[in-house]
Amino acid sequence: MARSRTQRLRDQRERQQAYRDEQRRLRRPGRDDIARVALRWLILGTAKLAEREGNPARMNKVETDILEALVEQGFDRNKSDEALGDLIDRYVDGKWDFRRKVHLTGTDTHE
């Protein structure tokens, strides 16, 4: 007999949770973890290079390229520009860094 839709969804949720738990146990970064590191690296590296060269247009080029990619995905241009500008300012000004990953520090009480 075929499983019900409810049972298939429940099984899928359980498989996905087991997969996420295993990835966490292995301390394997996911796509979003890697993307956050890459974006921070890009922003800070470009800002430092632009400052060293005295070429603010270099940073503007990176901002424009990211903004265009967001707009191509269907995001509002003005809201994207605002969000991206805020993120860049926070990184460059040193006011914001990565969120702490408690499960990687060994102090996670959920294990």
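This report concerns the structure included in the present document. On a predicted model such as this, the values are computed, not experimentally measured, just so you know.

Let us look at the pattern of salt bridges. All chains considered together, the criterion is met by eight salt bridges. Here Asp-21 and Arg-24 are joined by a salt bridge, their closest N and O atoms 3.4 Å apart. Taken together, the positions of Asp-21 and Arg-24, both in helix H1 (residues 5–26) and three residues apart, correspond to about one turn of that helix. With a relative accessible area of 36%, Asp-21 lands in the partly exposed category. Classification of Arg-24 as partly exposed rests on a relative accessible area of 37%. Between Glu-68 and Arg-77 there is a salt bridge, and its shortest N-O distance comes to 2.7 Å.

With that out of the way, let us pick up helix H4 (residues 77–92). Along an α-helix, residues three or four apart share an orientation, since each turn contains 3.6 residues. Taking 1.5 Å of rise per residue, the 16 residues of H4 would be expected to cover 22 Å, and the 22 Å separating its terminal C-alpha atoms lies within 8% of that figure. Taken residue by residue, H4 has Ser-80, Leu-84, Gly-85, Leu-87, Ile-88 and Tyr-91 as its buried positions. Buried residues in H4, looked at end-on, bunch into an arc of 165 degrees, giving them a common side. Away from its buried face, by an angle of more than 90 degrees, H4 presents the exposed residues Asn-78 and Lys-79. Residues of H4 that are buried make contact with helix H2 (31–53) and helix H3 (56–72).

Calculation notes
- Residues numbered from 1 in each chain as written.
- Predicted model: local features only at pLDDT ≥ 70, side-chain atom pairs only at ≥ 80, totals over all residues.
- Heavy atoms only, no water.
- Salt bridge = Lys/Arg side-chain N within 4 Å of Asp/Glu carboxyl O.
- Helix = DSSP H or I, 4+ residues; strand = E, 2+ residues; numbered from the N terminus.
- Buried < 20%, exposed > 50% of the residue type's maximum accessible area, 1.4 Å probe, protein only.
- Expected span 1.5 Å × (residues − 1).
- Arc of directions from axis to C-beta.
- Contact = heavy atoms within 4.5 Å.

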